[in-house]
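Survey of secondary and tertiary structure
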Amino acid sequence: MIPLFKQRRLYVIFSITIIAVMGIASITPALPKMAEALELSQSEIGWMISVFTLPGVFLTPITGIIADRFGRKKVLFPSLLLFAVAGFSLYFVSDFKLMLLFRFMQGIGAASLPSLNTTLIGDFYHGKERPAAMGYNASVLSMATASYPLIGGLMAGIGWNFPFLLPLLAIPVAFFLYFGIKEPAIKKPTSIKQYFRAMGQTLFDKEIITIFILGIFTFIIMYGAFITYLPFLLHEKFALSAPQIGLMASIGSLASIIVATQIGKLTQRVGSITLLKIAFILYIIVNIVFPYLNLLFLFIVPILLFGTAQALNMPSLQTMLANKAPDHLRGAFMSLNGMNLRLGQTLGPLIIGLGYTFYGLKGGYLLISGIGLVGLIMIFLVFNRNSKKNYWCPGKNKNHQKSIKSP
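Conventions we followed
- Note on numbering: residues in each chain are counted from 1, in written sequence order.
- pLDDT decides what is reported in this predicted model: residues at 70 or higher carry local features, side-chain atom pairs at 80 or more are listed and counted, and totals for whole chains, interfaces and linings draw on all residues regardless.
- Heavy atoms from the whole structure form the basis of all side-chain values; hydrogens and water molecules are not counted.
- The helix and strand labels rest on DSSP assignments: H or I over at least four residues marks a helix, E over at least two residues marks a strand, and numbering proceeds from the N terminus.
- Only the C-alpha atoms count toward the radius of gyration. The rule for a globule is 2.2 Å times the residue count to the power 0.38.
- When a residue's accessible area, from a 1.4 Å probe over protein chains only, is under 20% of the maximum for its type it is buried; when over 50% it is exposed; and in between it is partly exposed.
- Contact between two residues is taken to exist if any of their heavy atoms lie within 4.5 Å; hydrogens are not considered.
- Positive charges come from Lys and Arg, negative ones from Asp and Glu, while His and the chain ends are left out of the count.
- In plain terms, the charge of a residue is placed at NZ if it is Lys, CZ if Arg, CG if Asp and CD if Glu.
- Salt bridges are defined as contacts in which a side-chain nitrogen from Lys or Arg sits within 4 Å of a carboxyl oxygen from Asp or Glu.
- Take the buried Ala, Val, Leu, Ile, Met, Phe, Trp, Tyr and Cys residues and link them wherever side-chain atoms come within 4.5 Å; each set so joined is a nonpolar core.
- Centre distance within 6.5 Å is the pairing criterion for rings of Phe, Tyr and Trp, where only the six-membered ring of Trp is used; planes under 30 degrees apart are then read as stacked, over 60 as edge-to-face, and the remainder as tilted.
- Only when the NZ of Lys or the CZ of Arg is both within 6 Å of the ring centre and within 35 degrees of the ring normal is a charge said to sit over the ring.
- Note on method: axes are straight lines fitted to C-alpha atoms, helices fitted across the in-contact stretch only, with angles between N-to-C directions ranging 0 to 180 degrees.
- We call two directions roughly parallel when the angle between them is under 35 degrees, roughly antiparallel when it is over 145, roughly perpendicular when it lies between 65 and 115, and oblique otherwise.
- Only Asp, Glu, Lys and Arg are considered charged, only Ala, Val, Leu, Ile, Met, Phe, Trp, Tyr, Cys and Pro nonpolar, and every remaining residue, Gly among them, polar.
- Counting of polar contacts relies on pairs of N or O atoms within 3.5 Å, with two restrictions inside protein: one atom must be capable of donating a hydrogen and the other of accepting it, and residues adjacent in sequence are counted only when both atoms are side-chain atoms.
- Per-residue confidence from the predictor is given as pLDDT, running between 0 and 100.
- For a helix, the expected span equals 1.5 Å multiplied by the number of residues minus one.
- The reported bend at a residue is simply the angle between two axes, fitted to the 7 residues ending at it and to the 7 residues beginning with it.

1. Structural notes on the overall build of the protein chain
Of the regular secondary structure elements, the protein chain holds 19 helices and zero strands. The C-alpha atoms of the protein chain give 20 Å as radius of gyration, which agrees with the globular expectation for 407 residues (22 Å, within 12%). Seen along its three principal axes, the alpha-carbon backbone of the protein chain occupies a region of about 55 × 45 × 40 Å. Expressed as a percentage of the 407 residues in the protein chain, the buried residues total 61%. Contacts in the protein chain between residues at least 24 apart in sequence constitute 86% of all its contacts with a sequence separation of at least 6. Distance between charge centres in the protein chain, computed from 33 positive and 12 negative side chains, equals 15 Å.

Here is the structure:
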């Protein structure tokens with residue numbers, strides 16, 4: 001069997017992941033400058049994030065069903081092209097309402113990307129390879145997350161609209177996907193009625209529902225506390241420029257890159273559930289601490305801890321869901337999870353904004369830490385010793401299969 005890092009299909013997945021995080025991570029350092037140039041308030045400019053994530057809330061499960069029925073590439077290829085065209089169009093626009101329209105269209109293109117790339121990992125990899133591939137993908141995601149704020153900040157230093165040149169990269173990725181992989185043959189239900197019956201029999205499992213909820217909480221925390229409002233926190237306290245904000249935001253990804261590459265080994269040693277518990281404990285601590293720090297260098301520690309939490313959390317949740325999902329329903333399951341993540345992305349800026357309205361940044365961050373506490377309690381209540389049979393060692397999971405031969 002070809003080693004993981006020599007498989008072309010893994011690099012196709014990586015390239016989709018790189019595009020999937022571009023739409024937000026590359027423009028957040030530019031938000032303060034964008035708000036100033038367009039004469040917008042902080043709450044108004046937050047819609048540049050929310051309107052982008054909103055289409056995914058509704059469209060992601062539909063794209064998953066289509067991908068299960070007709071193939072992954074038939075959804076991903078046009079989605080990447082739409083992402084590129086709509087995103088690049090923003091470079092030429094300064095009317096805020098028109099910008100929101102193009103961001104909405106770009107969000108339609110982005111809707112399937114974060115879920116179908118992990119669906120492909122579930123399709124191609126099983127046993128010990130699955131959490132390892134999820135971890136490596138998370139590491140690539142972290143590298144992109146680290147790079148985009150820095151790149152976006154530098155480009156915003158030239159002009160607030162320059163980060164909107166980056167979506168053009170999705171065009172070569174679309175063709176790399178189209179010609180770079182052959183989709184695995186998966187036995188499908190003979191009719192759409194059988195498909196939905198099978199989904200209904202599997203979907204309403206308390207552990208699956210909990211995984212979905214934890215995904216929502218994760219992205220509320222990430223997109224509310226870290227991605228959207230941390231730039232404003234740093235700008236207000238230390239008057240940092242867009243490139244400086246991008247550099248600070250990138251620090252957390254250094255921890256994510258290192259930790260995520262070890263997820264396969266960590267999962268085999270302690271299990272996905274323990275990794276989730278550690279992640280949510282870190283979320284609580286970090287969000288309590290953030291608004292009380294008054295020295296810039298002190299922000300480095302909680303930012304690194306946040307990056308560690310993300311590296312422990314996301315690959316574990318994705319592996320757990322991929323283990324629970326039958327092959328012929330995996331696109332729908334991962335896309336439903338993607339819908340929940342989009343919901344979290346959309347709600348994050350709005351929820352922390354609610355706390356901000358009542359008690360400033362301290363109120364926003366304390367509200368987000370409370371969401372982390374609820375998530376931690378759910379993990380302890382729902383996942384027990386029986387759960388560990390499924391999530392302790394993926395190689396022993398009931399859905400374990402031999403890996404598909406590499407192309």
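After that view, the rundown keeps rolling.
2. Digging into the pattern of salt bridges
Going through the model one piece at a time under the given rule, you end up with five salt bridges. Between R72 and D68 there is a salt bridge whose closest N-O contact spans 2.7 Å. Each member of the pair, R72 as well as D68, is classed as buried. One salt bridge connects R330 with D123, and the closest N-O pair in it is separated by 3.3 Å. Taken together, the residues span a long stretch of sequence, with R330 in helix 18 (residues 330–382) and D123 in helix 8 (residues 113–124) at a distance of 207 residues. The exposure classification of R330 matches that of D123, with both residues buried. When salt bridges with common partners are traced through the structure, they connect D68, R72, D123 and R330 into a single cluster.

3. A look at the environment of L317
Mapped onto the elements of the fold, L317 is located in helix 17 (residues 300–324). In this structure L317 comes out as buried when scored by relative accessible area, which is 2%. With 163 residues separating them in the primary sequence, L317 and L154 have C-alpha atoms 33 Å apart. When residues no more than four places from it in sequence are discounted, the contact partners of L317 are I211, L214, G215, T218 and L276.

4. As for the nonpolar core
Side chains of nonpolar character tend, in soluble globular proteins, to be buried together. In this structure, M34, I45, M99, L230, F290, F299 and Y365 are the most contacted members of the largest nonpolar core, which totals 130 residues. Discounting residues that sit within four places of it in the chain, Y365 has contacts with A225, Y229, L230, L233, N287, F290, P291 and I352.

5. Quick notes on the packing of aromatic side chains
One pair of aromatic rings is described through two measures. These are the centre distance and the angle between the planes. Applying the stated criterion across every chain, the model contains 18 aromatic pairs. These aromatic residues form a ring-pair network of at least three members: F77, F175, Y178 and F179. Its guanidinium or amino end placed over the ring of Y178, K73 lies 5.5 Å from that ring's centre, counting from NZ or CZ.

6. Concerning the packing of helix 13 (residues 230–238) against helix 18
Relative orientation of the contacting elements helix 13 and helix 18 amounts to 95 degrees, with a least axis distance of 11 Å. On the basis of the axis angle, helix 13 is roughly perpendicular to helix 18. Touching L230, L233 and E236 of helix 13 are Y356, L361 and Y365, all from helix 18. Along the lines of polarity and charge, the residues of the contact of helix 13 with helix 18 split into five nonpolar, no polar and one charged.

7. A short note on the side chain of D68
Secondary-structure assignment places D68 in helix 5 (residues 47–70). Note on D68: relative accessible area 4%, which makes it buried. A distance of 2.7 Å separates polar atoms of two side chains, one belonging to D68 and the other to R72. Discounting chain neighbours no more than four positions away, the residues touching D68 are K188, Y195, H328, L329, R330, G331 and A332.

8. As for the confidence of the model for the protein chain
Regions with low pLDDT should not have their predicted coordinates read in detail. Summarising the model, the protein chain shows a mean pLDDT of 84, and 93% of its residues fall at 70 or more. Within the protein chain, the lowest mean pLDDT, 55, falls on helix 19 (residues 385–391), and the highest, 94, falls on helix 6 (residues 73–89). Confidence drops under a pLDDT of 50 for residues 393–407, and excluding neighbours within four residues, the segment shows 38 contacts in the predicted structure.

9. Remarks on helix 18
Taking 1.5 Å per residue as the helical rise, helix 18 with its 53 residues ought to reach 78 Å, whereas the 22 Å between its terminal C-alpha atoms falls clearly short. When the local axis directions of helix 18 are compared, the greatest deviation, roughly 140 degrees, occurs at Y359.

10. Describing the environment of S79
Mapped onto the elements, S79 comes out in helix 6. Residues S79 and D205, 126 residues apart in the sequence, show an inter-C-alpha distance of 30 Å. Leave out the neighbours within four places in its chain, and S79 touches G109, S112 and L113.

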